[in-house]
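Observations on the model geometry
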Amino acid sequence: MHPVTRSSARLALRELAAADVDAMLAVYGNSAVTEHLQFEPRDRAQAEQIMARSIAAATTSPRTEYALAVIEQETAELIGSCRLALDPHQQRGATIGFALRPEVWGKGYGAEAVRLLLAFGFDDLRLHRIWGARSPLNEASARTMGAVGMVEEGTIREHVLKAGKWRDSVVHAILEREFTSGL
């Protein structure tokens, strides 16, 4: 399925493009954004590699990864990204992730972007279960996933190695029958 587009009153999801490198660097190069993610801030070369990989993955068949830009409708600016990846260990299942620039935090954009991503997964891909994992310290992500109906299921102990230290991950998930887009 290519290209993917989804929109709400305030946001749009679209495929990433090579021209998005600088905007994505503003997300993944920011230490506040990556504080709770599985990686350290990225430099320009790393951002270019991520973009190239995401753009290439968009045209594979069968497609198993959907890395999408989060666009603010009013300004047409890329304010973040979100990702849905089919889970090879689970029938009709996928994992999600999302990251937004700090200057747009606190506006409800995270929940809105995740709702759009879940709607794509359930409505277009006909998935049964979608889950995401967060740092135990990332309360904003916990609130975002809770706001869209995702249920905290438990902790994966010492799941992520970051900066030489193991970190747990808290899993949240939602089933197809539990989802209502609310958009």
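Scroll up to find the structure.
Brief notes about the overall build of the chain
Tallying secondary structure elements over the chain gives five helices and eight strands in all. From first element to last, N terminus to C terminus, the chain shows the α and β order β-β-α-α-α-β-β-β-α-β-α-β-β. With the C-alpha coordinates of the chain rotated into their principal frame, the extents come out at 40 × 35 × 35 Å. Burial analysis of the chain (183 residues in total) assigns 47% to the buried set. In the chain, 61% of the contacts between residues at least 6 apart in sequence involve partners at least 24 apart.

Quick notes on the pairing of strand E2 (residues 11-15)
The buried count for E2 comes to four of five residues, which makes it a mostly enclosed element. Pairing of strand E1 (residues 5-7) with E2 involves three bridges; the strand directions are antiparallel. Looking across to E2, one finds that serine 7 is bridged to alanine 12. As consecutive antiparallel partners, E1 and E2 are separated by three residues. In terms of strand pairing, E2 meets strand E3 (residues 65-72) through five bridges, oriented antiparallel. If you follow alanine 12 over to E3, its bridge partner there is isoleucine 71.

Some thoughts on the nonpolar core
A general feature of soluble globular proteins is that nonpolar side chains tend to end up buried together. Grouped together as the largest cluster of nonpolar side chains are 30 residues, with contacts concentrated most on Val70, Leu84, Ile96, Leu118 and Ile130. Listing elements by their share of this core, those giving two or more residues are E2, E3, strand E4 (77-86), strand E5 (93-100) and helix H4 (109-124). Counting residues per element, this core draws most heavily on H4, at ten residues. Setting aside its immediate chain neighbours within four residues, isoleucine 130 contacts Leu84, Ala94, Ile96, Leu118, Gly121, Phe122, Met150, His172, Ala173 and Ile174. Counting 15 residues, the second largest nonpolar core, distinct from the first, contains Leu16, Val27, Met51 and Ala99.

Here's the deal with the side chain of glutamate 72
In this fold, glutamate 72 is placed in strand E3. No salt bridge is formed by the buried glutamate 72; the nearest opposite charge belongs to lysine 107, separated by 4.9 Å. If we skip the residues at most four places from it in the chain, glutamate 72 touches Arg10, Leu11, Glu77, Ile79 and Tyr109.

So, the side chain of lysine 162
Note that lysine 162 resides in strand E7 (residues 151-162). The side chain of lysine 162 is buried and forms no salt bridge, while glutamate 40, the nearest opposite charge, is found at 4.6 Å. At 3.2 Å, the side chain of lysine 162 forms a polar contact with the backbone oxygen of phenylalanine 39. If near-sequence neighbours (up to four positions away) are discounted, lysine 162 is found in contact with Thr34, Glu35, His36, Leu37, Gln38, Phe39 and Glu40.

So, the environment of glutamate 77
Within the secondary structure, glutamate 77 sits in strand E4. When the C-alpha atoms of glutamate 77 and threonine 144 are compared, they prove to be 21 Å apart, with 67 residues separating the residues in sequence. For glutamate 77, the contacting residues outside a window of four places in its chain are Val70, Ile71, Glu72 and Arg101.

With respect to the packing of helix H1 (residues 21-28) against helix H3 (residues 44-57)
In the contact formed by H1 and H3, the axes pass within 9 Å of each other and the chain directions differ by 115 degrees. It follows that H1 is roughly perpendicular to H3 by the angle criterion. The hand of the H1/H3 crossing is right-handed. Along its contact with H1, which presents Val21, Asp22, Met24 and Leu25, the element H3 presents Arg44, Ala47, Glu48 and Met51. For the contact of H1 with H3, the per-class residue count stands at five nonpolar, no polar and three charged.

The rules behind these values
Residues numbered from 1 in each chain as written. Predicted model: local features only at pLDDT ≥ 70, side-chain atom pairs only at ≥ 80, totals over all residues. Heavy atoms only, no water. Helix = DSSP H or I, 4+ residues; strand = E, 2+ residues; numbered from the N terminus. Buried < 20%, exposed > 50% of the residue type's maximum accessible area, 1.4 Å probe, protein only. Contact = heavy atoms within 4.5 Å. Pairing = 2+ DSSP bridges. Core = buried A, V, L, I, M, F, W, Y, C linked by side-chain atoms within 4.5 Å. Lys, Arg positive; Asp, Glu negative; His and termini not counted. Salt bridge = Lys/Arg side-chain N within 4 Å of Asp/Glu carboxyl O. Polar contact = N/O pair within 3.5 Å; in protein donor to acceptor, adjacent residues only side chain to side chain. Axes fitted to C-alpha atoms, helices over the stretch in contact; angles between N-to-C directions. Parallel < 35°, antiparallel > 145°, perpendicular 65-115°, else oblique. Left-handed = near helix turned anticlockwise from the far one by under 90°. Nonpolar A, V, L, I, M, F, W, Y, C, P; charged D, E, K, R; others polar.

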